[in-house]
Amino acid sequence: MTEGALETGELAAGLALRHPTPADHVRIRVALADWWGGLGGEAGARQRQSLVPRLFLQHFADTSFLVERADGTLHAFLIGFLSQSDPDTAYIHFVGVCPDGTRSGVGSALYRRFFALAQEAGRRRIRCITSPNNRNSIAYHTRMGFRLEPGDYVDEAGTPVHRDYDGSGLDRVLFVREL
Ligand SMILES: CC(C)(COP(=O)(O)OP(=O)(O)OC[C@H]1O[C@@H](n2cnc3c(N)ncnc32)[C@H](O)[C@@H]1OP(=O)(O)O)[C@@H](O)C(=O)NCCC(=O)NCCS
């Protein structure tokens, strides 16, 4: 992918972008189990699946994206929405790129699409969160220009973490990026 394509959020030839539908739910669930390199084991896979129920594909479809290969198989997805409660904010809830498609500009192309969509809707910042053990996600978001919000403690990797953010034992790292 060329530099220009990354800036405009274009995808390489053979990859097609569209909004997801509820019919994509089953394969997104499979991706949530398989694409994270076994992060968190079985419990991690189940937790990720439970974080993307069908409702996202019913009620947040037009702010979410899905990338398919020419043969129709799933290559990547982004689940995002415009905050209902904060008119300045848009939120990226989940992103995934298939393991043999990472580090080729697809994640950043999806993010740029979402940034443009959010900007067009008058949003001024993007927020998202991740788990402290997802080092790939932390590296990726930092590279994509996100700032890490100060937390309750700093972990051994120097990352600020919010303890029990999503419940007991569910620590999270918070990102924000101004548009
Ligand atoms: C994290 C993820 C979404 C990134 O998507 P991607 O398509 O691989 O990222 P890109 O190729 O667009 O990379 C964008 C930039 O981030 C950097 N980057 C991406 N993954 C990185 C990693 N693991 N470590 C360090 N830098 C990384 C790239 O080098 C690139 O920087 P550059 O422009 O200087 O080359 C993807 O790897 C993925 O889905 N991984 C598995 C699931 C996961 O962990 N998702 C995290 C979100 S919850």
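See the structure printed just above.
Residues numbered from 1 in each chain as written. Predicted model: local features only at pLDDT ≥ 70, side-chain atom pairs only at ≥ 80, totals over all residues. Heavy atoms only, no water.

Q: Please set out the site of the ligand residue by residue, giving values where relevant.
A: The environment of the ligand is made up of 18 residues, and the closest members are Val97, Arg103, Gly107, Ser108 and Arg143. Within the backbone of arginine 103, one N or O atom sits 2.7 Å away from an oxygen atom of the ligand. Looking at the shell around the ligand, the elements with two or more residues in it are β4 (89-97), α5 (106-120) and α6 (135-143). Ranked by the residues each element gives to the shell around the ligand, the list is headed by α6, at five residues. Residues of the shell around the ligand, tallied by class, amount to seven nonpolar, nine polar and two charged. (Near = heavy atom within 4 Å. Polar contact = N/O pair within 3.5 Å; in protein donor to acceptor, adjacent residues only side chain to side chain. Helix = DSSP H or I, 4+ residues; strand = E, 2+ residues; numbered from the N terminus. Nonpolar A, V, L, I, M, F, W, Y, C, P; charged D, E, K, R; others polar.)

Q: Which residues make up the nonpolar core, and what values do they have?
A: The biggest cluster of nonpolar side chains holds 26 residues, and the ones touching the most others in it are Ile92, Tyr111, Phe114, Ile126 and Phe146. Breaking this core down by element, the ones donating at least two residues are β2 (65-69), β3 (74-82), β4, α5, β5 (125-130) and β9 (173-178). Among the elements that line this core, the one with the most residues is α5, at eight residues. The residues that make up this core include at least three from each of domain 1 (3-123) and domain 2 (128-179). Ignoring any residue separated from it by four or fewer positions in sequence, one finds tyrosine 111 in contact with Leu78, Ile92, Val95, Tyr140, His141, Met144 and Phe146. (Core = buried A, V, L, I, M, F, W, Y, C linked by side-chain atoms within 4.5 Å. Buried < 20%, exposed > 50% of the residue type's maximum accessible area, 1.4 Å probe, protein only. Domains from an automatic or database assignment. Contact = heavy atoms within 4.5 Å.)

Q: Before we move on, could you go through the sheet that holds strand β6 (residues 147-148) and cite the residues and values that matter?
A: Strand order in the open sheet formed by seven strands is β1-β2-β3-β4-β5-β9-β6, with mixed pairing between adjacent strands. Taken across any chain shown, the strands that pair with only one partner, and hence form the sheet edges, are β1 (15-18) and β6. Two strands pair when backbone bridges link them, and β5 and β9 are joined in this way by six bridges, in the antiparallel orientation. Residue pairing across strands places arginine 127 opposite valine 176, the latter belonging to β9. (Pairing = 2+ DSSP bridges.)

Q: Tell me about the pairing of β9, and please be specific about residues and values.
A: Where β6 and β9 come together, two bridges link them in antiparallel fashion. Opposite arginine 147, over in β9, you have valine 176 as the bridge partner.

Q: Requested: an account of the packing of helix α2 (residues 25-34) against helix α3 (residues 41-50), with residues and values cited.
A: Two numbers describe how α2 lies on α3: the axes approach to 8 Å, and their chain directions differ by 145°. Crossing handedness for the pair α2 and α3: right-handed. Counting all contacts with α2, which are made through Arg29, Val30, Leu32 and Ala33, the residues of α3 involved are Ala45, Arg48 and Gln49. Considered class by class, the residues forming the contact of α2 with α3 number four nonpolar, one polar and two charged. (Axes fitted to C-alpha atoms, helices over the stretch in contact; angles between N-to-C directions. Left-handed = near helix turned anticlockwise from the far one by under 90°.)

Q: Outline the pattern of salt bridges, listing residues and values.
A: For the structure shown, the criterion picks out 12 salt bridges. For arginine 18, the salt bridge is made with aspartate 24, and the minimal N-O distance between the two is 2.9 Å. The shortest N-O distance in the salt bridge between aspartate 155 and arginine 135 comes to 3.2 Å. Taken together, the residues aspartate 155 in the loop between β7 (153-154) and β8 (160-161) and arginine 135 in helix α6 connect sequence positions 20 residues apart. Salt bridges linked by common partners bring Arg18, Asp24, Arg27 and Glu68 together as one network. (Salt bridge = Lys/Arg side-chain N within 4 Å of Asp/Glu carboxyl O.)

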